[in-house]
Amino acid sequence: MSKTKHTSETPATHWLRQQKIPFGEHPYDYVDHGGAREAAQQLGVALHQVAKTLIMEDEQGRPLVVLMHGDCEVSTKNLARQTGAKKITPCTPDDAQRNSGYQVGGTSPFATRKRMPVWVEQTLLDYETVYLNGGRRGYLISVAADVLTGPLGARSVQVALKAGD
């Protein structure tokens, strides 16, 4: 499934190695606005098993990370309710990059520039392995789902909305 092409270290892979967390590397040909759907198709994995890393912010401008199925959207209303915020909105691309340290389209939840709370859609944790961005465009990594709630410290929420095609 994974190409054998060598990929250089990212802050995310460096953090995973420091934590001695095993992960798979899955480079693919990045396509502008292709997102998780394009990655899943090229890698031959289920889109529902690919997690999008979204940078959002609450009403006070405090950033947070949301990990969501590649084929779903986030109910920001439910997310606010479940996290104790009054309102949550997506960050602008510039704010997302400034908070995460990653280029949009290559955002990983691991080793973000700014320490942010991480929330994960509960049903992503049903998979043994989850695919998510490894810190650059065109590069997914696979990790055991329990890495998200263990070493990463993500808390689960139920905020998925089926995305329209």
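The rules behind the values
Residues numbered from 1 in each chain as written. Predicted model: local features only at pLDDT ≥ 70, side-chain atom pairs only at ≥ 80, totals over all residues. Heavy atoms only, no water. Helix = DSSP H or I, 4+ residues; strand = E, 2+ residues; numbered from the N terminus. Rg over C-alpha atoms; globule rule 2.2 N^0.38 Å. Buried < 20%, exposed > 50% of the residue type's maximum accessible area, 1.4 Å probe, protein only. Contact = heavy atoms within 4.5 Å. Areas by Shrake-Rupley, 256 points an atom, 1.4 Å probe, with all protein chains shown as cover. 1 Å grid on protein atoms, 1.4 Å probe; cavity = no way out; pocket = protein on both sides within 12 Å on 5 of 7 lines; lining within 4 Å. Points joined across faces, edges and corners; volume = space filled by probe spheres on them. Nonpolar A, V, L, I, M, F, W, Y, C, P; charged D, E, K, R; others polar. Polar contact = N/O pair within 3.5 Å; in protein donor to acceptor, adjacent residues only side chain to side chain. Salt bridge = Lys/Arg side-chain N within 4 Å of Asp/Glu carboxyl O. Phe/Tyr/Trp six-rings, centres within 6.5 Å; stacked < 30°, edge-to-face > 60°. Lys NZ or Arg CZ within 6 Å of the ring centre and 35° of its normal.

Undergrad: Any details on the overall build of the protein? Residues and values, ideally.
TA: Along its length, the protein carries 5 helices and 10 strands. Its C-alpha atoms give the protein a radius of gyration of 15 Å, near enough to 15 Å, the size a compact globule of 165 residues would have. For the protein, buried positions account for 48% of its 165 residues. The contacts of the protein with a sequence gap of at least 6 include a subset with a gap of at least 24, amounting to 63%. Approximately 8,600 Å² of the protein is accessible, and the part contributed by carbon and sulfur atoms is 46%.

Undergrad: Requested: an account of the layout of surface pockets, with residues and values cited.
TA: Of the pockets and cavities examined, the largest pocket occupies roughly 690 Å³. G35, T53, L54, V104 and G105 are the residues nearest the centre of the largest pocket, which is lined by 27 residues in total. Counting residues per element, the ones that place at least two in the lining of the largest pocket are α2 (35-43), β2 (50-58) and α4 (93-100). The space that makes up the second largest pocket amounts to roughly 240 Å³. Considered class by class, the residues forming the lining of the second largest pocket number 10 nonpolar, 2 polar and 2 charged.

Undergrad: Talk me through the environment of Q60; I want residue IDs and the actual numbers.
TA: Examined against the element boundaries, Q60 turns out to sit in the loop between β2 and β3 (63-69). Sequence separation of Q60 and L140 is 80 residues, and the distance between their C-alpha atoms is 31 Å. A distance of 2.7 Å separates the side chain of Q60 from the side chain of R62, its partner in a polar contact.

Undergrad: Can you break down the pattern of salt bridges residue by residue, with the values?
TA: All chains considered together, the criterion is met by 4 salt bridges. A salt bridge links D95 to R98, with the nearest nitrogen and oxygen atoms 2.2 Å apart. Of the two residues, D95 and R98 both sit in helix α4, 3 residues apart, roughly one turn of that helix.

Undergrad: Describe unusual backbone geometry, with residues and values.
TA: Here H33, not a glycine, exhibits a phi torsion of approximately 65°, which is positive. Structurally, the position occupied by H33 is in the loop between β1 (24-27) and α2. Its identity is not glycine, yet A111 carries a phi of approximately 55°, on the positive side. The topology assignment puts A111 in the loop between α4 and β6 (118-121). Under the relative-accessibility criterion, A111 is labelled partly exposed at 28%.

Undergrad: If you had to explain the packing of aromatic side chains to someone new, which residues and values would you point to?
TA: Tallied over the full model, the rule gives 1 aromatic pair. Each ring, one from W15 and one from F110, has its centre 5.4 Å from the other, and the planes form 25°; the classification is stacked. Here F110 lies in the loop between α4 and β6 and W15 lies in helix α1 (residues 11-18), a separation of 95 residues in the sequence. Since its relative accessible area comes to 0%, F110 is described here as buried. The ring of Y139 has R136 lying over it, and the distance from NZ or CZ to the ring centre is 5.0 Å.

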